[in-house]
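Structure assessment
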Amino acid sequence: SKVTVAHSLSESNAVLKEIESIMALRFQFLAQDRLRKWHRNLGSLVFLIIDELPILLNDPDAKSAKEFAVSLRKIVSMGRAAGVVTVVAAQKPSVDSVPSVIRDLIDYRLAFRSATREASDVILGSGQAARGYSATEIDSNLRGVAYLLGGATTDPQLIRCFYLDEEDIAQRLDRAVEFRNGIRRTTI
């Protein structure tokens, strides 16, 4: 399994092109075996995780930003069938920063506490705040609480996720590195 971290728009575009190539190969395989979509027993899933999506979509290099948006839209719209799971995050989502052509293709949406009803609606869908599903009303002391929309549900569900502070994250990263390097631990 390979992990790639991109630190710039040009590196991000290269990663998206690599994922598009993987998708093309997988679609060829699926067509040959007359399968409709990728299953985990065919091989590992590919995870594309993008933090602060608006920064990449609104980069001053408009040509590269458009290339990124086109590739991302293709991956989000076709990726699930090829075993590509896309996760995007935006600290301050807005209609201008997260285009609906991308947002509407994302099957599962998670809205943590938002500063405005508009930001909540960007994640959960237009009009959800007016229907009583506003992430602005989540108490800021309730870490990990969010509205989840997706799958078979038509209404957002209030859920509580695990919340990890910086120390918890550091411990888990250390354990992951040990696990990856084959170091066995006797405690969990």
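Residues numbered from 1 in each chain as written. Predicted model: local features only at pLDDT ≥ 70, side-chain atom pairs only at ≥ 80, totals over all residues. Heavy atoms only, no water.

Okay, the overall build of the chain next. Scanning the chain for helices and strands turns up six helices and five strands. N-terminal to C-terminal, the α/β element order of the chain is α-β-α-α-β-α-β-α-β-β-α. With the C-alpha coordinates of the chain rotated into their principal frame, the extents come out at 50 × 50 × 35 Å. In the chain, which comprises 188 residues, the share counted as buried stands at 32%. Taking contacts inside the chain between residues at least 6 apart in sequence as the whole, the part at least 24 apart equals 55%. Carbon together with sulfur atoms contributes 54% to the accessible area of the chain, which is approximately 12900 Å² in total. Side-chain charges of the chain comprise 25 positive and 23 negative groups, with the mean position of each set lying 8 Å from the other. (Helix = DSSP H or I, 4+ residues; strand = E, 2+ residues; numbered from the N terminus. Buried < 20%, exposed > 50% of the residue type's maximum accessible area, 1.4 Å probe, protein only. Contact = heavy atoms within 4.5 Å. Areas by Shrake-Rupley, 256 points an atom, 1.4 Å probe, with all protein chains shown as cover. Lys, Arg positive; Asp, Glu negative; His and termini not counted. Charge placed at Lys NZ, Arg CZ, Asp CG, Glu CD.)

The two faces of strand 1 (residues 46–50) differ: V46, L48 and I50 on one face are buried, but F47 and I49 on the other face are not. Note that strand 1 and strand 2 (residues 84–88) share five bridges and pair parallel. Paired with L48 across the bridge in strand 2 is T86. (Pairing = 2+ DSSP bridges.)

This part covers the confidence of the model for the chain. When pLDDT drops low, the exact placement of atoms in the prediction is not to be read closely. Summing up the model confidence of the chain, the mean pLDDT is 90 and the portion of residues at 70 or higher is 96%. Across the chain, element-level confidence peaks in helix 1 (residues 9–32) with a mean pLDDT of 97 and bottoms out in helix 4 (residues 100–103) with 84. (pLDDT = per-residue confidence, 0-100.)

For a regular strand, side chains alternate in direction, first toward one face of the sheet and then toward the other. Most of strand 4 (residues 145–149) is tucked away, with four of its five residues classed as buried. Note: strand 3 (residues 109–111) against strand 4, three bridges, orientation antiparallel. Bridge pairing links A111 to Y147 in strand 4. Across four bridges, strand 4 lies against strand 5 (residues 157–160) in antiparallel orientation. Its bridge partner lying in strand 5, V145 is registered against R160.

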